[in-house]
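# An overview of the molecular structure
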Amino acid sequence: MKIILGPASQELGQKLAQIMKIPVTPVFLKTFPDGESYLRFETESLKNEDVIIVQTTSPPQDQRLLQLMLMADNAKDMEARSITAVVPYFAYSRQDKRFLPGEVFSIKTIINILAGCGVNRIVTVNAHSPSVLKTFKTPVLDLSAIPLLAEYFKTNKLVRDALSLSMGKKAISVAQEADSILHGGYDYISSKRDIATGNVTLENKPLPAKNRDVIIFDDIISSGGTMAKAVKLVKDKGARKIYAACVHPLLMGDSRKKIIENGAEEIIGTDAVPSPVSRVSIAPLLSKVLA
Ligand code: R5P
């Protein structure tokens, strides 16, 4: 077994290899002046190897997806026995159906291309819509990093009897997962997205947040708009300390500032997407299913 260190997840790939005690294959990357990627595996053979390619696909997602495709196809040409693509943040997974007539079904197209490049299995973390991932021919394993995030708060004693909140009713299982570690109770923030504009509105529903420490869990923080609104809502309900926790801290633009200005103590994320707030490593989680 060998781990190929995709350029977007080198540190995570190294950690994973250390835990699993398997060798890494570094990848030489060069970006041409016009933006095209040139990649070369620093090994002569992958013949009959079970290969794990680690490459997250956070922004610039199109480039990182293409690099993943190039690496998978290369491993196939080098006669790897099997190819597992570890894609901690799976770009385009929010476009998991045709919401409007004529729209693309992005995640389906991407999985089909990866399969065509020889990928036998995909492992991802807190994908936006886990159920849709089960409908494809290529097996996709979706893991949850929520318990690791909850453990982080517990181990570092950042909160006391914290209320765990999920973003949206559909994600209530996320709050339940966190509560199974934090034991301060759980609930959800009621949110609604306008499918035409993408705007999110939050409903002012009762939440037992007064004088409590609260952690708001979401899979992704991108523009930070949703989390900033949620933090404000909970702050207005008299919460004591509020933390924003997410698996995939994309943190575009001034998202971090926006969330803190609205009253969050801190944002805590994972290294599914390397960022200044990626305090929690998902390497132990990945190692359990890849061994
Ligand atoms: C949405 O369905 C996701 O769970 C996140 O709430 C969303 O992607 C966050 O996006 P933004 O940070 O741009 O509001």
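Residues numbered from 1 in each chain as written. Predicted model: local features only at pLDDT ≥ 70, side-chain atom pairs only at ≥ 80, totals over all residues. Heavy atoms only, no water.

## Some words on a nonpolar patch on the surface
On the surface, a nonpolar cluster with roughly 250 Å² of combined accessible area is contributed by F99, L100 and I195. Assignment of secondary structure puts I195 in the loop between β11 (191–193) and β12 (200–202). For I195, a relative accessible area of 54% puts it in the exposed group. (Patch = residues over 30% accessible without salt bridge, like charges linked within 9 Å, V, L, I, M, F, W, Y side chains within 5 Å. Areas by Shrake-Rupley, 256 points an atom, 1.4 Å probe, with all protein chains shown as cover. Salt bridge = Lys/Arg side-chain N within 4 Å of Asp/Glu carboxyl O. Helix = DSSP H or I, 4+ residues; strand = E, 2+ residues; numbered from the N terminus. Buried < 20%, exposed > 50% of the residue type's maximum accessible area, 1.4 Å probe, protein only.)

## Quick look at unusual backbone geometry
In the segment running from P59 into P60, the intervening peptide bond is cis, with an omega of 5°. Its location among the elements puts P60 in the loop between β5 (50–54) and α2 (61–77). Backbone geometry at Y92 places phi at a positive 70°, although glycine is not the residue there. On the secondary structure map, Y92 appears in the loop between β6 (82–87) and α3 (106–116).

## What to know about the packing of aromatic side chains
Here the structure, examined in full by the defined rule, presents six aromatic pairs. With a centroid separation of 6.3 Å and 80° between ring planes, the pair formed by F32 and Y38 is classed as edge-to-face. Overall, the relative accessible area of 33% leaves F32 in the partly exposed class. Centre to centre, the rings of F105 and F136 are 6.3 Å apart; their planes meet at 50°, and the pair counts as tilted. (Phe/Tyr/Trp six-rings, centres within 6.5 Å; stacked < 30°, edge-to-face > 60°.)

## Points about the site of the ligand
Around the ligand, the neighbouring residues are R94, H128, R193, D218, D219, I220, I221, S222, S223, G224, G225 and T226. Measuring from an oxygen atom of the ligand, one finds a side-chain N or O atom of T226 at 2.5 Å. Every element with two or more residues in the shell around the ligand is listed here: β13 (213–221) and α7 (225–236). Top contributing element to the shell around the ligand by residue count: β13, with four residues. Partitioned by chemical class, the residues of the shell around the ligand number two nonpolar, six polar and four charged. (Near = heavy atom within 4 Å. Polar contact = N/O pair within 3.5 Å; in protein donor to acceptor, adjacent residues only side chain to side chain. Nonpolar A, V, L, I, M, F, W, Y, C, P; charged D, E, K, R; others polar.)

## Here's the deal with the environment of R81
By secondary structure assignment, the location of R81 is in the loop between α2 and β6. Between the alpha carbons of R81 and P139 there is a distance of 16 Å; along the sequence they are 58 residues apart. Beyond its immediate chain neighbours, meaning those up to four positions away, R81 contacts N48, E49, D50 and N120. Polar contacts involving the side chain of R81 include one to the side chain of D50, which spans 2.8 Å. (Contact = heavy atoms within 4.5 Å.)

## As for the sheet that holds strand β14 (residues 241–249)
If you trace the six strands from one edge of the open sheet to the other, you get β10-β9-β13-β14-β15-β16, paired in parallel fashion. Only two strands of the sheet have a single partner each, and these edge strands are β10 (186–189) and β16 (278–280). Averaged over neighbouring strand pairs, the angle between their axes works out to 35° when direction is ignored. Direction of pairing for strand β9 (residues 163–167) relative to β10: parallel, over a ladder of four bridges. Across the sheet, the residue bridging to L165 is D187, located in β10. (Pairing = 2+ DSSP bridges. Axes fitted to C-alpha atoms, helices over the stretch in contact; angles between N-to-C directions.)

## As for the pairing of β14
Burial of β14 is extensive: eight of the nine residues sit out of reach of the surface. Here eight bridges tie β13 to β14, and the two strands are oriented parallel to one another. Note on β14: the bridge partner recorded for I215 is Y243. With α7 bridging β13 and the parallel β14, this β-α-β connection has right-handed handedness. With three bridges connecting them, β14 and strand β15 (residues 266–270) associate as parallel partners. For A244, the partnering residue across the bridge sits in β15 and is I267. Remark: the β14/helix α8 (residues 255–261)/β15 crossover connection has right-handed handedness. (Right-handed = clockwise from strand over helix to strand, strands pointing away.)

## Here's the deal with the sheet that holds strand β8 (residues 140–143)
Taken in spatial order, the six strands of this open sheet run β2-β1-β5-β6-β7-β8, and their pairing is parallel. Only two strands of the sheet have a single partner each, and these edge strands are β2 (24–25) and β8. The pairing of strand β1 (residues 2–5) with β5 spans four bridges and is parallel. Within β5, the residue paired with K2 across the bridge is V51. Running over the sheet, helix α1 (residues 10–20) touches β1, β2 and β5 and is turned about 165° from β1. On the sheet, helix α9 (residues 283–290) packs against β5, β6, β7 (121–125) and β8 and is oriented at approximately 155° with respect to β7.

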